[in-house]
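Overview (structure and organization)
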Amino acid sequence: MPVLNRIAGYAEEMQGWRRWLHRHPELGLDLPVTAAFVAERLREFGVDELHEGYAETGMVALIRGQAEGPVIGLRADMDALPIFEETGAEHASETEGRMHACGHDGHTTMLLGAAKYLAETRRFAGTVALIFQPGEELGGGGKVMCDEGIMDRFGIEQVYALHNSPDMEAGRFATRVGPMMAAVDDFEITLRGVGGHAAWPQDCVDPVAACVQLVSALNTVLTRNVSAFENVVLSVTQIQAGQATNVVPAEGLVAGTVRCFTHEARALMKRRIGEICDGVALSMGVEVALDYTEDYPPTINHPDETGFAVEVAREVVGEDRVDPDWPAEMGAEDFSFMLEVRPGAYLFLGQGKGPRCHHPAFDFNDEVAPIGASYFARLVERALPLDGHAA
């Protein structure tokens, strides 16, 4: 693959970093071992400033170029997942029940590779802010870091991120202008009735029947309240009630998730779910308590920055290996919080087809790490040219 020569020379070292990270997975915002490893590498590279402790274990490293100029942000997520690994790899997780099943070990490695190159060469005018973020999977670390003021404190004007894709050939890039990934909300609905003997249901208020009515009504929202041209998913994923065949339980539970791409659709879904809960409570005589959680907003790429990112990706891998109109996906990503406060773009980097992210047999492809690192490095050199023109 056509990568920057100096970064190509880091390939073996980058593989070592990535496999070390893979063996030591940590969850959520609590990544002390991972953060210490990353911080040690950054100090070795000679970054100008290292600011630690954001979102508990996140950090921002600054590398200044050869002249004054704007600040561009590059973000990598560092956390793993609570999954039992089944890769059989020599570098498999050493912590039972935890693994890097989404490739964040690779994302961190790619940004470290770019950091090493940029600290050595400094062929740019301005500053690069390297954002190493915890809690993408659990904890919303992107939001926490934004709430803690990293964009304003470091003067970040644009922000970019990469995610590996096991749905694409290795070394291909894909992105799109506008919604790239969905908003994700979760709901948990508790229905309380009056329990009793199943032989005398007339003396009970049955939450099981209410659960059935509720799920049936929820499934009408997409077909009767949402335009056929709007992409929305409502999935009921849990129904819990009762423990014995001869007992009407006193309580039931219905839970699930909502995915969509616009703020308007998100507001509609939340409103309709609440109205349906009220209607079921009235019609079935049960108490209904809705706990609706708005999690990550949609990941929306900005037009100018996405066009620029596509140009850089084509420079690295070739024009025919970059798809600028990749279909939007119903998965969610907390880089969305950063794109809400600063313009930027989110891209996928193909790692070769194989087990999908969050699968116990998933493993990041080390061969694509120099490609991602080269993309990050060229993004900085092109966005912050030394002579006022593209490098």
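In what follows, the structure referred to is the one given above.
Below is a short write-up of the structure. (Residues numbered from 1 in each chain as written. Predicted model: local features only at pLDDT ≥ 70, side-chain atom pairs only at ≥ 80, totals over all residues. Heavy atoms only, no water.)

**Description of the pattern of salt bridges**
Note on pairing: side chains with opposite charge can pair once their charged atoms come close. This structure, assessed with the given rule, holds 30 salt bridges. Among the salt bridges present, the one from E120 reaches R6, with a minimum N-O distance of 3.2 Å. Of this pair, E120 sits in helix α4 (residues 104-121) while R6 sits in helix α1 (residues 5-8), and the two are 114 residues apart along the sequence. When the shortest N-O distance is used, the salt bridge between E294 and K270 registers 3.6 Å. Of the two residues, E294 is situated in strand β13 (residues 287-294) and K270 in helix α9 (residues 263-284); the sequence distance between them amounts to 24 residues. E294 sits in the partly exposed class, given a relative accessible area of 44%. Exposure remark for K270: the relative accessible area of 36% places this residue in the partly exposed category. Via salt bridges that share partners, R123, E311, E315, R378, E381 and R382 belong to a single interconnected network. (Salt bridge = Lys/Arg side-chain N within 4 Å of Asp/Glu carboxyl O. Helix = DSSP H or I, 4+ residues; strand = E, 2+ residues; numbered from the N terminus. Buried < 20%, exposed > 50% of the residue type's maximum accessible area, 1.4 Å probe, protein only.)

**Some points on the sheet that holds strand β15 (residues 322-323)**
Pairing within the open sheet is mixed, and its eight strands lie in the order β1-β2-β4-β3-β5-β16-β6-β15. Here the strands that pair on one side only, and so sit at the sheet edges, are β1 (49-54) and β15. Here strand β6 (residues 173-174) pairs with β15 via two bridges, running parallel. Bridge pairing in β15 links A174 to D323. (Pairing = 2+ DSSP bridges.)

**Quick notes on the sheet that holds strand β10 (residues 232-241)**
The four strands are arranged β10-β12-β8-β13 in an open sheet whose pairing can be described as antiparallel. Looking at the sheet topology across the chains shown, the edges are occupied by β10 and β13. Across the sheet, the mean angle from the axis of one strand to that of its neighbour is 15 degrees, orientation sign disregarded. Here 10 bridges tie strand β8 (residues 183-192) to strand β12 (residues 251-260), and the two strands are oriented antiparallel to one another. Bridging across to β12, R192 finds its partner in E251. Against the sheet, helix α7 (residues 207-218) contacts β8, β10 and β12, and its axis sits at roughly 15 degrees relative to β12. Running at roughly 170 degrees to β13, α9 makes contact with β8, β10, β12 and β13 of the sheet. (Axes fitted to C-alpha atoms, helices over the stretch in contact; angles between N-to-C directions. Contact = heavy atoms within 4.5 Å.)

**Some points on the pairing of β12**
Counting buried positions over the 10 residues of β12 gives eight, a clear majority of the element. Pairing of β10 with β12 involves nine bridges; the strand directions are antiparallel. Counted as the bridge partner of I239 is V254 from β12.

**Considering the nonpolar core**
Counting 59 residues, the largest nonpolar core has L42, L130, F132, F173 and Y375 as its most contacted members. The contacts of L130, once residues within four sequence positions are left out, are L42, M59, V60, A61, I63, L74, L111 and A115. (Core = buried A, V, L, I, M, F, W, Y, C linked by side-chain atoms within 4.5 Å.)

**Looking at the environment of V247**
By the element assignment, V247 lies in strand β11 (residues 247-248). Accessibility expressed as a relative area gives 43% for V247, which makes it partly exposed. When the C-alpha atoms of V247 and F364 are compared, they prove to be 50 Å apart, with 117 residues separating the residues in sequence. When residues no more than four places from it in sequence are discounted, the contact partners of V247 are G196 and A198.

**As for the pairing of strand β5 (residues 158-165)**
For β5, the buried fraction is high: seven of the eight residues fall into the buried class. Summarising the sheet, strand β3 (residues 67-77) and β5 pair through four bridges and their orientation is parallel. Bridge pairing links R75 to A161 in β5. Strand direction decides the pairing type here: β5 and strand β16 (residues 344-350), joined by seven bridges, are parallel. Residue V159 lies in a different strand from β16, and its bridge partner there is G344.

On their own, these measurements won't tell you what the molecule is for.
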